[in-house]
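Read off the chains here:
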Amino acid sequence: MPTATPHTTTRSAEPTVRNALRSPAMLRTEVLAGLVVALALIPEAISFSIIAGVDPRVGLFASFTMAVAISFLGGRPAMISAATGAIALVIAPVMRDYGYDYLIATVILGGLIQIALSLAGVAKLMRFIPRSVMVGFVNALAILIFLAQVRHMVDVPWLVYPMIAVGIAVIVGVPRISRVIPAPLIAIVALTAFTIIGAINVPDVGDEGELPDSLPSLFVPDVPFNLDTLQVIAPYALAMALVGLLESLLTAKLVDDITDTHSEKSREAWGQGAANVITGFFGGMGGCAMIGQTMINVKASGARTRISTFLAGVFLLILVVGFGDLVALIPMAALVAVMIMVSVGTFDWHSIHPATLRRMPKSETTVMLSTVAVTVATQNLAIGVIVGVLVAMTLFAQRVAHLTETHRELVEEESEATAVYRVTGELFFASSNDLYTQFEYAEDPDRITIDLTESHIWDASTVAALDAITTKYDRKGKTVKIIGLNASSADRHNRLSGSLP
């Protein structure tokens with residue numbers, strides 16, 4: 001008898017830290033991705049420090065501690081967290097009005113609030129963010145990334161423009177030949193070598209601010225531990241916590257979609273809080289997930305594990321402290337080219353294709369455009385997302401409310417004329433407000449039946465509307481009977497009927 005040969009299936013290594021350490025190819029991808037991200041983080045961190053009104057080292061050290069801490073504590077592998085513009089905008093008033101110590105106290109308190117919110121299950125709220133808001137979020141992010149580069153392309157030597165063009169060409173063309181080394185890294189190294197060898201005077205990283213020459217150290221803010229201090233920092237800390245969590249969880253969801261993997265959102269929320277507490281005690285300005293740098297890491301460089309996130313922080317510190325003089329020579333044109341391509345790659349071009357816009361319901365397009373418009377206008381992704389969700393909720397309620405119908409029929413029940421109203425659709429505040437006007441109070445006979453078999457009572461507004469209908473019939477000496485309630489609707493109606501003002 002012939003012996004069956006066992007069939008074995010070869011599977012590619014899963015993108016985990018253990019497998020990356022065992023695979024030279026995966027490890028090389030992670031290491032080079034971390035280096036590219038570190039180089040892109042330097043000018044960003046310096047810029048955000050200027051926004052917050054602090055020394056550049058505060059933003060750079062925050063980026064180091066956030067990246068290293070979140071690589072261990074976070075729930076989304078390969079996502080980059082560092083000092084961000086959104087957090088800088090929130091805490092800038094604290095620095096301006098109260099000083100550095102109060103700013104650090106705000107960062108620490110913001111981290112503690114994030115930990116508390118994560119334990120309360122705030123990550124589960126992500127399920128209520130519609131897809132159209134996510135698309136608007138991504139598109140707005142791409143626009144903001146591009147707009148952030150405009151200042152580096154205004155009032156600069158003419159040579160900057162061809163350098164940017166060459167950088168873009170390298171980033172686009174190299175992957176078609178080889179993906180061994182990330183194209184953004186090749187562009188940065190090549191353009192830096194070009195400016196050094198040719199002694200070309202163009203804006204560089206050193207022009208953005210002074211790089212630190214020492215390691216970060218522990219720092220305890222010198223503020224009074226009393227209610228007065230809490231009243232000062234609490235509003236800013238809460239705003240920082242909410243903005244940071246919203247951007248981080250949205251970024252985690254975006255990376256989930258790109259990598260076709262799942263992440264632990266609750267762990268990510270907790271990790272963001274812990275990372276901010278650690279960052280605060282090292283004198284950093286706090287931060288959250290950075291979508292632009294995450295896209296460099298995940299899409300442009302192909303990283304998939306925590307190794308790249310950890311190394312981004314480590315390389316950042318090594319570069320600014322150990323090789324600050326060399327890093328300062330990197331032309332901004334190279335980094336601008338990288339970020340422009342990140343912007344192009346991040347934007348969801350399919351969402352604005354004419355064919356897509358024709359097929360997509362107008363309400364979905366409205367939600368997407370409102371999210372983009374508000375985000376770009378406020379320069380704040382969190383505000384844009386909140387507005388987008390509110391617009392989506394309003395349009396959804398309006399749409400569902402129009403699906404509620406009332407049909408009247410005159411029948412004979414027990415030899416008496418009866419008006420039967422059959423209500424179909426979901427009954428809640430938006431639809432039940434019109435329910436009151438759907439009845440013929442004067443023309444109806446003495447017996448009225450309201451059949452809710454094909455309806456569901458969702459809130460107190462509907463119960464109040466039914467009470468108002470019953471009361472109006474009672475005043476005319478007519479009897480109302482409500483039938484067809486499902487268990488949930490009956491329970492809500494029985495508990496609330498007659499007790500609402």
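Residues numbered from 1 in each chain as written. Predicted model: local features only at pLDDT ≥ 70, side-chain atom pairs only at ≥ 80, totals over all residues. Heavy atoms only, no water.

(A) Structural detail: the pairing of strand S6 (residues 479-483). Here strand S5 (residues 447-457) runs beside S6; their pairing, made up of five bridges, is parallel. Bridging from a neighbouring strand, Arg447 pairs with Thr479 of S6. At this point the chain moves from S5, through helix H19 (residues 460-475), to the parallel S6, and the crossover so formed is right-handed. (Pairing = 2+ DSSP bridges. Helix = DSSP H or I, 4+ residues; strand = E, 2+ residues; numbered from the N terminus. Right-handed = clockwise from strand over helix to strand, strands pointing away.)

(B) Quick look at the pattern of salt bridges. The tally for this structure, following the rule as stated, stands at ten salt bridges. Measuring nitrogen to oxygen at the nearest pair gives 2.5 Å for the salt bridge that ties Lys265 to Asp256. Judged on exposure class, the residue Lys265 and its partner Asp256 are both buried. Between Asp451 and Arg422 there is a salt bridge, with its nearest N and O atoms 4.0 Å apart. With Asp451 in strand S5 and Arg422 in strand S4 (residues 416-427), the pair connects residues that are 29 residues apart, well separated along the chain. (Salt bridge = Lys/Arg side-chain N within 4 Å of Asp/Glu carboxyl O. Buried < 20%, exposed > 50% of the residue type's maximum accessible area, 1.4 Å probe, protein only.)

(C) Inspection of the environment of Ile352 at higher detail. Relative to the helices and strands, Ile352 is located in the loop between helix H14 (332-346) and helix H15 (354-359). Spatially, the C-alpha atom of Ile352 lies 47 Å from that of Leu215, the residues being 137 residues apart in sequence. Not counting residues up to four positions away in its chain, the partners in contact with Ile352 are Phe347, Leu357 and Met368. (Contact = heavy atoms within 4.5 Å.)

(D) Local environment of the nonpolar core. Judged by nonpolar contacts, the single largest core of 114 residues is most densely connected at Ile42, Leu103, Ile129 and Met285. Of all the elements, helix H2 (residues 24-52) adds the most residues to this core, at 13 residues. With residues up to four places along the chain from it excluded, the contact list for Ile129 reads Met134, Leu246, Leu250, Val385 and Val389. Counting residues in each nonpolar core, the second largest holds 16 residues, with Tyr421, Tyr441, Ile448 and Leu466 among its members. (Core = buried A, V, L, I, M, F, W, Y, C linked by side-chain atoms within 4.5 Å.)

(E) Representation of a nonpolar patch on the surface. Together, Ile196, Ile197, Ile318, Phe323, Leu326 and Leu329 line one region of the surface with nonpolar side chains, adding up to about 590 Å² of accessible area. Within the secondary structure, Ile318 is located in helix H12 (residues 306-322). For Ile318, a relative accessible area of 40% gives the class partly exposed. (Patch = residues over 30% accessible without salt bridge, like charges linked within 9 Å, V, L, I, M, F, W, Y side chains within 5 Å. Areas by Shrake-Rupley, 256 points an atom, 1.4 Å probe, with all protein chains shown as cover.)

(F) Up close: the layout of surface pockets. Approximately 730 Å³ is the volume found for the largest pocket. Looking at the lining of the largest pocket, the elements that each hand over two or more residues are H2, helix H4 (85-98), helix H6 (131-150), helix H11 (291-300) and H14. For the lining of the largest pocket, the element with the most residues is H2, which contributes seven residues. Taken together, the residues that form the lining of the largest pocket break down as 20 nonpolar, nine polar and three charged. One number sums up the size of the second largest pocket: a volume of about 400 Å³. Surrounding the second largest pocket, 16 residues form its lining, Leu125, Ile129, Leu242, Leu246 and Ile386 being those nearest its centre. Secondary structure elements with two or more residues in the lining of the second largest pocket: helix H9 (227-259) and helix H17 (381-401). Of the residues contributing to the lining of the second largest pocket, the split by class is 15 nonpolar, one polar and no charged. (1 Å grid on protein atoms, 1.4 Å probe; cavity = no way out; pocket = protein on both sides within 12 Å on 5 of 7 lines; lining within 4 Å. Points joined across faces, edges and corners; volume = space filled by probe spheres on them. Nonpolar A, V, L, I, M, F, W, Y, C, P; charged D, E, K, R; others polar.)

(G) The arrangement of H9 in detail. Taking 1.5 Å of rise per residue, 33 residues should cover 48 Å, and H9 covers 46 Å from first to last C-alpha, within 8% of that figure. Of all the bends in H9, the greatest reaches close to 40 degrees and is centred on Ile233; the proline Pro235 follows between one and four positions later. Capping the start of H9, Asn226 holds a side-chain oxygen 3.2 Å from the backbone nitrogen of Asp228, two or three residues further along. A positive backbone phi angle near 55 degrees is found at Asp260, which sits one or two residues after H9. (Expected span 1.5 Å × (residues − 1). Bend = angle between axes of the 7 residues up to and from the residue. Polar contact = N/O pair within 3.5 Å; in protein donor to acceptor, adjacent residues only side chain to side chain.)

(H) Up close: the environment of Gly477. Turning to its location among the elements, Gly477 is positioned in the loop between H19 and S6. Its relative accessible area of 56% is what places Gly477 among the exposed residues. Expressed as a C-alpha distance, the spacing of Gly477 and Tyr421, which sit 56 residues apart in the sequence, is 18 Å.

(I) Main features of the pairing of S4. Summarising the sheet, strand S3 (residues 405-413) and S4 pair through nine bridges and their orientation is antiparallel. Across the sheet, the residue bridging to His407 is Arg422, located in S4. Counted between consecutive antiparallel strands, the loop separating S3 from S4 contains two residues, among which Glu414 sits at a positive phi close to 55 degrees. The sheet contact formed by S4 and S5 spans nine bridges and is parallel.

(J) Spotlight on the packing of H2 against helix H3 (residues 56-73). H3 packs onto H2 with a crossing angle of 130 degrees between their chain directions and a minimal axis gap of 7 Å. Classed by the angle they form, the pair H2 and H3 counts as oblique. Pair H2 / H3 crosses with right-handed handedness. Two secondary-structure elements touch here, H2 through Ile42, Ala45, Ile46 and Ser49 and H3 through Pro56, Val58, Gly59, Leu60 and Ser63. Looking at the contact of H2 with H3 residue by residue, the class counts come to six nonpolar, three polar and no charged. (Axes fitted to C-alpha atoms, helices over the stretch in contact; angles between N-to-C directions. Parallel < 35°, antiparallel > 145°, perpendicular 65-115°, else oblique. Left-handed = near helix turned anticlockwise from the far one by under 90°.)

(K) Layout of unusual backbone geometry. With a phi close to 75 degrees, Ala78 is a non-glycine residue in the positive phi region. Looking at where Ala78 falls in the secondary structure, it is placed in the loop between H3 and strand S1 (81-82).

(L) Main features of the packing of aromatic side chains. Per the counting criterion, the structure on display carries ten aromatic pairs. Judged by centre distance (5.6 Å) and plane angle (40 degrees), the rings of Tyr436 and Tyr441 are tilted. Classification of Tyr441 by relative accessible area gives buried; the value is 7%. Aromatic pair Phe439 and Tyr441: ring centres 6.2 Å apart, planes at 40 degrees, arrangement tilted. Neither Phe439 nor Tyr441 differs from the other in exposure class; each is buried. Each member of the aromatic cluster is reached from another via a ring pair, and the members are Tyr421, Tyr436, Phe439, Tyr441 and Tyr473. (Phe/Tyr/Trp six-rings, centres within 6.5 Å; stacked < 30°, edge-to-face > 60°.)

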